[in-house]
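Understanding the architecture of this molecule
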Amino acid sequence: MDLTCLWRHLKARLATWRPDWEGVVDAAATAGKDRLTQGATPLPDEVIFEALTVALLSGNTRWDRIARVRGALRDPFADFDLPRFASVSDEEIERNILPWFRERKAGAPGLRASLVRLRAAAAKLARHQGGAHRYLLDTRASTTGSPEDLAVALATSKAWKLPGFGIALAAEALRNLGLDLCKPDRHVLRAVGAWSLVDFARWKERGAFTPPQARAAELRETMLAVRYLAEANQLPVSYANSVIWTAGAVSGARLTNAALRALTVGCGTGEARSQTV
């Protein structure tokens, strides 16, 4: 498949949704400086814990609600102090943190469980010799070194998994730290599946917006597919990810699986897989 052709068709379709679509794409999701490996000074624990916290909250709460309270999150999360949050009791979660979110209409049904898992992640990071920055570097050293494999390790490795973090949320946390990679959420999965960039073993399209049920290997392949698509069009991976998300999201163009598939017409067939492995 001609990935430059596909990208042209995607941009043209977004322009029919709204001519100013480029201004809607989340600017914060574009690639920044990789603060994990490019800085001479280790990142403070609180910076990494904030990135993880925001990512985990985004997993069960609408992003607009998180964005509204993001500047005040130091209050319920103990100034992002790892040992302090690791020692928060169940009672404190019930009495203080959950009401804080409810009062600001930023809660969600799964929030309590997410907070308990985040507490466990904070404890694991706090115990690691060298702190959270060293934890991420050591995790990365156990992989090929790519951002994609770091996200996979943080989500699946027996030694390095952080409680509460699947591959998508681990990728989101790394993006919050400036790493340039794709978050393989439901909308991105729908797109790469519709474009035949990844062949998902389990995808029963019962509805117009049904995503594939992706295994870990397929999530990794999805992240790499978006990387190849971005590189073919000389774009940052995070930006390409955000554009694809905008195409599929409820707050975006909300393209169906069929509409996404139609974007491949005229771009060639049968070559996508060879370009994404």
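What this report covers is the structure whose coordinates are included nearby. (Residues numbered from 1 in each chain as written. Predicted model: local features only at pLDDT ≥ 70, side-chain atom pairs only at ≥ 80, totals over all residues. Heavy atoms only, no water.)

1. So, the packing of helix α1 (residues 3-17) against helix α13 (residues 237-248)
In the contact formed by α1 and α13, the axes pass within 11 Å of each other and the chain directions differ by 50°. Classed by the angle they form, the pair α1 and α13 counts as oblique. For the crossing formed where α1 meets α13, the hand is left-handed. Between α1 and α13, the residues in contact are Trp7, Leu10, Leu14 and Trp17 and Tyr239, Ala240, Val243, Ile244, Thr246 and Ala247, respectively. Each residue belonging to the contact of α1 with α13 can be placed in one class, and the counts come to nine nonpolar, one polar and no charged. (Axes fitted to C-alpha atoms, helices over the stretch in contact; angles between N-to-C directions. Helix = DSSP H or I, 4+ residues; strand = E, 2+ residues; numbered from the N terminus. Parallel < 35°, antiparallel > 145°, perpendicular 65-115°, else oblique. Left-handed = near helix turned anticlockwise from the far one by under 90°. Contact = heavy atoms within 4.5 Å. Nonpolar A, V, L, I, M, F, W, Y, C, P; charged D, E, K, R; others polar.)

2. Here's the deal with α13
Compared with an ideal rise of 1.5 Å per residue, which puts twelve residues at 16 Å, α13 spans 17 Å between its outermost C-alpha atoms and is within 8% of the ideal. Counting buried residues along α13, eleven of its twelve residues qualify, which places the element largely inside the surrounding structure. All of the buried residues along α13 are Val237, Ser238, Tyr239, Ala240, Asn241, Ser242, Val243, Ile244, Thr246, Ala247 and Gly248. Its buried side turned inward, α13 meets α1, α2 (21-24), α10 (167-176), α11 (186-194) and α12 (216-232). (Expected span 1.5 Å × (residues − 1). Buried < 20%, exposed > 50% of the residue type's maximum accessible area, 1.4 Å probe, protein only.)

3. Re the state of the cysteines
Tallied over the full model, the rule gives one disulfide. Between the sulfur atoms of Cys5 and its disulfide partner Cys267 the distance amounts to 2.0 Å. When the S-S torsion is -70°, as for the bridge of Cys5 with Cys267, the disulfide is left-handed. A residue pair is termed long-range when its members are at least 10 positions apart, and Cys5 in helix α1 and Cys267 in the loop between α14 (257-262) and α15 (272-275) qualify at 262 residues. For Cys5, a relative accessible area of 5% gives the class buried. (Disulfide = S-S within 2.5 Å.)

4. Describing the nonpolar core
By size, the foremost hydrophobic cluster in this structure holds 87 residues, and its most contacted members are Leu10, Leu73, Phe77, Phe101, Phe165, Trp195 and Ile244. Examining the composition of this core, we find that eight residues originate from one element, helix α3 (residues 45-58), more than from any other. Residues in contact with Ile244, not counting those within four places in the same chain, are Trp7, Leu10, His187, Val188, Ala191, Trp195, Val226 and Leu229. (Core = buried A, V, L, I, M, F, W, Y, C linked by side-chain atoms within 4.5 Å.)

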